[in-house]
Amino acid sequence: MAALRLGSIAPDFEAETTKGPIKFHEWIGDSWCVLFSHPEDFTPVCTTELGAFAKLEPEFTKRNVKMIGLSANTIESHDAWIDDINEIAQCSLNFPIIGDKTRQIALAYDMIDHQDATNVDSKGIAFTIRSVFIVDPKKVIRLILSYPASTGRNADEVLRCIDSLQTGDKYRITTPINWQKGDDVIVHPGVSNDEAKTLFPEFRIVKPYLRFTPLPKEKIDA
């Protein structure tokens, strides 16, 4: 199986989820997607993560992003776990969670833990690590993040990456370190100075390879 890289087409699959059966590509439709895996149900770090993502779901929805989780347990287990998550985080988790007890999807996306010998089930089969895949409407993988089981993710960072990718697609720019909506952006290297004068009248040249321009939050959200 070829390794998944940025620019790869996300593997399609059929799965049972807490919201019913899906065909992954069909379910994504014309939206963006965040697919993220969890080692196991009823585990402390995963519980905090899912609560945080559930609270941010309206922000993802505004950006035309669907979220879907994955854990190596049954749908029945997921349903009971969601009750706990809602109670603990004071949220309402509405996005689906895939039941991947056989690890078939985890294997297709190379989510299996090869590092932590303790991150295994009762049969000694490795659980998943904390993977994040951002997939665009063309079903292309645009971003991959991998965290060990011991380290919780940053939901705000995933949202920031969505903003960066979508803004770059729309305006021919790239985003600098720690960028947030409303901050100055970098003119894409493929844009000439003559083009930049039209596209970004307020751009400034710091070095020939580094050109900044304002891009107001209102323009991004328009």
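Structure: see above.
Given the structure is predicted, the values throughout are model-derived calculations rather than measurements.

What follows covers the packing of aromatic side chains. Summed over all chains, the structure comprises 8 aromatic pairs. Pairing phenylalanine 24 with tryptophan 27 gives two aromatic rings, centres 6.4 Å apart and planes at 15 degrees, and the pair type is stacked. With phenylalanine 24 and tryptophan 27 both in helix α1 (residues 24-28) and 3 residues apart, the pair spans about one turn of that helix. Comparing phenylalanine 24 with tryptophan 27, the two get one shared label, buried. Plain terms: the ring middles of tyrosine 109 and phenylalanine 133 are 5.0 Å apart, the flat faces sit at 75 degrees to each other, and that makes the pair edge-to-face. Remark: phenylalanine 133 occurs in strand β6 (residues 130-135) and tyrosine 109 occurs in the loop between α4 (104-108) and β6; sequence separation between them is 24 residues. Aromatic rings pair up to connect Phe13, Phe24, Trp27, Tyr109 and Phe133 into one cluster.

Next up on the list: the nonpolar core. If you look at the biggest cluster of nonpolar residues, it comprises 28 residues, and the most contacted ones within it are Val34, Phe60 and Ile134. Only β3 (32-38), α2 (44-62), β4 (65-71), α3 (75-89), β6 and α5 (155-171) provide two or more residues apiece to this core. Formed by 20 residues, the second largest nonpolar core is a distinct cluster that contains Ile28, Cys33, Leu70 and Phe133.

Here we come to the sheet that holds strand β8 (residues 173-174). Strand order in the open sheet formed by 4 strands is β8-β9-β11-β10, and the pairing between neighbours is antiparallel. The open sheet terminates on both sides in strands that have one partner only, identified here as β8 and β10 (204-207). Where β8 lies against strand β9 (residues 185-187), 2 bridges are found, and the strand directions are antiparallel. In the strand pairing of β9, threonine 174 is matched with isoleucine 186.

Glancing now at the packing of α2 against α3. Two elements in contact, α2 and α3, have axes whose closest approach is 9 Å; the angle formed by their N-to-C orientations is 70 degrees. As judged from the angle between their axes, α2 and α3 are roughly perpendicular. Contacts from Cys46, Thr47, Leu50, Gly51 and Lys55 of α2 reach α3 at Trp81, Ile85, Ile88 and Ala89. Residue composition of the contact of α2 with α3, by class: 6 nonpolar, 2 polar and 1 charged.

Okay, the pattern of salt bridges next. Any two side chains of opposite charge can pair, so long as their charged atoms come close to each other. For the structure shown, the criterion picks out 14 salt bridges. One network of salt bridges, in which partners are shared, links Glu59, Lys62, Arg63, Asp163, Lys181, Lys217 and Asp221.

What follows deals with the layout of surface pockets. Size it by volume and the largest pocket reaches roughly 260 Å³. Taken together, 13 residues make up the lining of the largest pocket; nearest its centre are Arg63, Gln166, Lys181, Ile220 and Asp221. Counting only elements with at least two residues in the lining of the largest pocket, the list comes to α2, α5 and α7 (217-221). Residues that form the lining of the largest pocket fall into these classes: 3 nonpolar, 2 polar and 8 charged.

In this structure, glycine 69 sits in strand β4. On the basis of relative accessibility, which here comes to 0%, the residue glycine 69 falls in the buried class. Spatially, the C-alpha atom of glycine 69 lies 13 Å from that of alanine 155, the residues being 86 residues apart in sequence. The contact partners of glycine 69, leaving out residues within four places of it in the chain, are Phe36, Phe95, Pro96, Ile97 and Ile98.

Moving on to α2. Between the first and last C-alpha of α2 there are 29 Å, a value that for 19 residues agrees with the 27 Å anticipated at 1.5 Å per step. Along α2, the largest kink reaches about 50 degrees and is centred on leucine 56; proline proline 58 follows within four residues of it. Looking only at α2, the buried set comprises Cys46, Thr47, Glu49, Leu50, Gly51, Phe53, Ala54, Leu56, Glu57 and Phe60. Tucked inside the fold, the buried residues of α2 contact β3, β4, α3, β5 (97-99), β6 and α5. One or two steps after α2, the chain reaches asparagine 64, where phi turns positive at roughly 60 degrees.

Basis of the calculations
Residues numbered from 1 in each chain as written. Predicted model: local features only at pLDDT ≥ 70, side-chain atom pairs only at ≥ 80, totals over all residues. Heavy atoms only, no water. Phe/Tyr/Trp six-rings, centres within 6.5 Å; stacked < 30°, edge-to-face > 60°. Helix = DSSP H or I, 4+ residues; strand = E, 2+ residues; numbered from the N terminus. Buried < 20%, exposed > 50% of the residue type's maximum accessible area, 1.4 Å probe, protein only. Core = buried A, V, L, I, M, F, W, Y, C linked by side-chain atoms within 4.5 Å. Pairing = 2+ DSSP bridges. Axes fitted to C-alpha atoms, helices over the stretch in contact; angles between N-to-C directions. Parallel < 35°, antiparallel > 145°, perpendicular 65-115°, else oblique. Contact = heavy atoms within 4.5 Å. Nonpolar A, V, L, I, M, F, W, Y, C, P; charged D, E, K, R; others polar. Salt bridge = Lys/Arg side-chain N within 4 Å of Asp/Glu carboxyl O. 1 Å grid on protein atoms, 1.4 Å probe; cavity = no way out; pocket = protein on both sides within 12 Å on 5 of 7 lines; lining within 4 Å. Points joined across faces, edges and corners; volume = space filled by probe spheres on them. Expected span 1.5 Å × (residues − 1). Bend = angle between axes of the 7 residues up to and from the residue.

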